[in-house]
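Working through the structure, step by step
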Amino acid sequence: MTVRLSPSILSADLAHLADDVAKVRSGGADFIHVDVMDGRFVPNLTYGAPVVAALRRATDAPLDCHLMVEHPEEYLGPFADAGATIVTIHPEATPHLERHLAEIRRRGMKAGAAINPATPLAAIEEVAAELDLLLVMTVNPGFGGQAFWEPALEKVRRARALLDARRSGAMLEVDGGVARDTIGRLAAAGADTFVSGHAVFSAADPAAEVRELRRLAEAGAAGRKA
Ligand code: DX5
Ligand code: ZN
């Protein structure tokens, strides 16, 4: 299993964003996770397509954009134009998930669906074959640095089984509370793509933290096969 690390800039120093991105990339970060919040779908407000465009100029890293917004369809064109690589939307935010996933792909990006802790996997089951990425939230979205939601481990196992049963090659991403004490267990449960904000950017050496998280994820994934 390929392990991918996607540090979230939610916990970076926005006044020195390019420096923080360069640090985690030097530690081997595969993606940069961009948490887009509209103050409506979640009770917090962050940034949108102009910041994605600025990141696109600052790094060649794939930009893993997580849209925690109402009316996600309104953002797809601007995000494609800004250079987003992956766009992940929430089924809780739209009755037209399938249509918007198709639109993301039509615009040349990878399409992801993200489900909140209280949302059953059934919300994405019918579109599993159309996903490039499934994001199982391991906290309720809105803020960085929250405590890991333990029941997510079992949900990740079921998500892995669902993707495997559909012979899906989609990435299985987890987001929220991913740190040294949780990442190995999440990898053992079948996650392969790991968002981490607070743990990476609050570390004295974010590059070293990315390397350590990858080591622990790979150890967890190896345990899964055994
Ligand atoms: C939560 C966001 C996450 C967040 C994770 O609303 O979707 O991406 O940055 O943060 P940590 O790793 O700090 O729990
Ligand atoms: Zn996120």
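Cut-offs applied
Residues numbered from 1 in each chain as written. Chains lettered and ligands numbered in written order. Predicted model: local features only at pLDDT ≥ 70, side-chain atom pairs only at ≥ 80, totals over all residues. Heavy atoms only, no water. Donors = N, O, S within 2.8 Å, 3.2 Å for Na, K, Ca; no water. Tetrahedral: all angles 85-135°; square planar, octahedral: opposite > 155°, others 65-115°. Helix = DSSP H or I, 4+ residues; strand = E, 2+ residues; numbered from the N terminus. Buried < 20%, exposed > 50% of the residue type's maximum accessible area, 1.4 Å probe, protein only. Near = heavy atom within 4 Å. Polar contact = N/O pair within 3.5 Å; in protein donor to acceptor, adjacent residues only side chain to side chain. Areas by Shrake-Rupley, 256 points an atom, 1.4 Å probe, with all protein chains shown as cover. 1 Å grid on protein atoms, 1.4 Å probe; cavity = no way out; pocket = protein on both sides within 12 Å on 5 of 7 lines; lining within 4 Å. Sits in = over half its atoms within 2 Å of the grid points. Nonpolar A, V, L, I, M, F, W, Y, C, P; charged D, E, K, R; others polar.

1. Some details on the coordination of the zinc ion (ligand 2)
Distances from the zinc ion (ligand 2) to its protein donors, His33 (NE2), Asp35 (OD), His66 (ND1) and Asp175 (OD), fall at 2.0 to 2.3 Å. Taken together, the six donor atoms surrounding the zinc ion (ligand 2) define angles of 69 to 168° at the centre, an arrangement classified as octahedral. Donor residues for the zinc ion (ligand 2), ordered by position in the chain, follow H-x1-D-x30-H-x108-D. Remark: Asp175 occurs in strand E7 (residues 171-175) and His33 occurs in strand E2 (residues 32-37); sequence separation between them is 142 residues. In this structure, His33 and Asp175 share a single accessibility class: buried.

2. Brief notes about the environment of Gly144
Along the chain, the position of Gly144 falls in the loop between strand E6 (133-137) and helix H6 (152-165). Separated by 80 residues in sequence, Gly144 and Arg224 have C-alpha atoms that sit 28 Å apart.

3. Some points on the site of ligand 1
Among the 20 residues in the neighbourhood of ligand 1, the closest are listed as Asp35, Gly142, Gly145, Asp175 and Gly197. In this structure, an oxygen atom belonging to ligand 1 sits 2.6 Å away from a side-chain N or O atom of Asp175. Within the backbone of His198, an N or O atom sits 2.9 Å from an oxygen atom of ligand 1. A total of 380 Å² of accessible area belongs to ligand 1 in isolation, and the protein chains cover 99% of it. Applying the majority rule of atoms within 2 Å of the grid points places ligand 1 in the largest pocket. Listing elements by their share of the shell around ligand 1, those giving two or more residues are E2, strand E3 (63-68) and strand E8 (193-196). Broken down by element, the residue count for the shell around ligand 1 peaks at three residues, all from E2. Residue composition of the shell around ligand 1, grouped by class: seven nonpolar, 11 polar and two charged.

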